[in-house]
Amino acid sequence: DARVTQTPRHKVTEMGQEVTMRCQPILGHNTVFWYRQTMMQGLELLAYFRNRAPLDDSGMPKDRFSAEMPDATLATLKIQPSEPRDSAVYFCASGSTHRGLGETQYFGPGTRLLVL
Amino acid sequence: KNEVEQSPQNLTAQEGEFITINCSYSVGISALHWLQQHPGGGIVSLFMLSSGKKKHGRLIATINIQEKHSSLHITASHPRDSAVYICAVLWETSYDKVIFGPGTSLSVIP
């Protein structure tokens, strides 16, 4: 049963600390997406990759956030330094398409981040 | 005005009722997704459509590109359909930016 996995599932940290979230896309999928969900803003797209290349990260605060795909089986989202306003659920999703966002995405369970 | 709006915001229905959730948008799009978020937080992609209608089990999604409107219908609703339903449009830019609607919270009562 192929699924997207995310670690950690929960993270509590103090303001100023580095946070790294990891995502393992479904094997064979060539697109990976990072989303953030908060009560105030709802779901937002932070970044997405196709064939490991970043295509759009305009939704991501560049000064503290970074997203990478060191290989096809791992995507990372880092926040350094973290701030309380970063508290949210971060979802990773993967898909298989040559066009980017135009196909079904499979969501991971999310990482629930709390920055104190 | 938000680019993507959904109605109703909240919906309570009796088991067995036919349910319609609406999504309207103001930008040119290349496709539209309907997502379902369960009470536990998990998200499932229900449909991706760019024209016409799609059906999966008791769920039907339609889209009218000219009118910039999509509907999600649930026939013979069941308590397990209780979830937040989110419409997401792929804004027709060079990289299809995603804009999410605010979601419709559905509660189906036995």
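This text follows the structure it describes.
Residues numbered from 1 in each chain as written. Chains lettered and ligands numbered in written order. Predicted model: local features only at pLDDT ≥ 70, side-chain atom pairs only at ≥ 80, totals over all residues. Heavy atoms only, no water.

Asker: Go over the state of the cysteines, please, and point to the residues and values.
Answerer: Per the counting criterion, the structure on display carries two disulfides over all chains. What pairs with Cys23(A) in a disulfide is Cys92(A), and their sulfur atoms sit 1.9 Å apart. Handedness of the Cys23(A)-Cys92(A) disulfide follows from its S-S torsion of about -60°: it is left-handed. Highlighted residues: Cys23(A) in strand 3 (residues 19-24) and Cys92(A) in strand 9 (residues 88-95), separated in sequence by 69 residues. Pair check on accessibility: Cys23(A) and Cys92(A) agree, each one buried. Note that Cys23(B) is cross-linked by a disulfide to Cys87(B), the S-S spacing being 1.9 Å. Of note, the bridge from Cys23(B) to Cys87(B) carries an S-S torsion of about -55° and is left-handed in sense. Placement of the pair is Cys23(B) in strand 3 (residues 19-25) and Cys87(B) in strand 9 (residues 83-91), with a sequence separation of 64 residues. The pair Cys23(B) / Cys87(B) is uniform in exposure class, with both members buried. (Disulfide = S-S within 2.5 Å. Helix = DSSP H or I, 4+ residues; strand = E, 2+ residues; numbered from the N terminus. Buried < 20%, exposed > 50% of the residue type's maximum accessible area, 1.4 Å probe, protein only.)

Asker: With reference to specific residues and values, describe the nonpolar core.
Answerer: In terms of nonpolar packing, the biggest core is built from 25 residues, with Leu32(B), Trp34(B), Leu72(B), Tyr85(B) and Val89(B) touching the most fellow members. Secondary structure elements with two or more residues in this core: strand 3, strand 4 (29-37), strand 5 (43-49), strand 7 (59-64), strand 8 (69-74), strand 9 and strand 11 (104-109) of chain B. Discounting chain neighbours no more than four positions away, the residues touching Tyr85(B) are Gln6(B), Ile21(B), Leu35(B), Gln36(B), Leu46(B), Leu72(B), Ile74(B), Gly103(B), Thr104(B) and Leu106(B). By size, the runner-up hydrophobic cluster in this structure holds 22 residues, among which are Val4(A), Val32(A), Met60(A) and Ala88(A). (Core = buried A, V, L, I, M, F, W, Y, C linked by side-chain atoms within 4.5 Å. Contact = heavy atoms within 4.5 Å.)

Asker: I'd like a description of a nonpolar patch on the surface, backed by residues and values.
Answerer: A contiguous nonpolar surface patch, about 290 Å² in accessible area, is contributed by Val12(A), Leu114(A) and Leu116(A). Tracing the chain through its elements places Leu116(A) in the segment after strand 11 (111-115). (Patch = residues over 30% accessible without salt bridge, like charges linked within 9 Å, V, L, I, M, F, W, Y side chains within 5 Å. Areas by Shrake-Rupley, 256 points an atom, 1.4 Å probe, with all protein chains shown as cover. Salt bridge = Lys/Arg side-chain N within 4 Å of Asp/Glu carboxyl O.)

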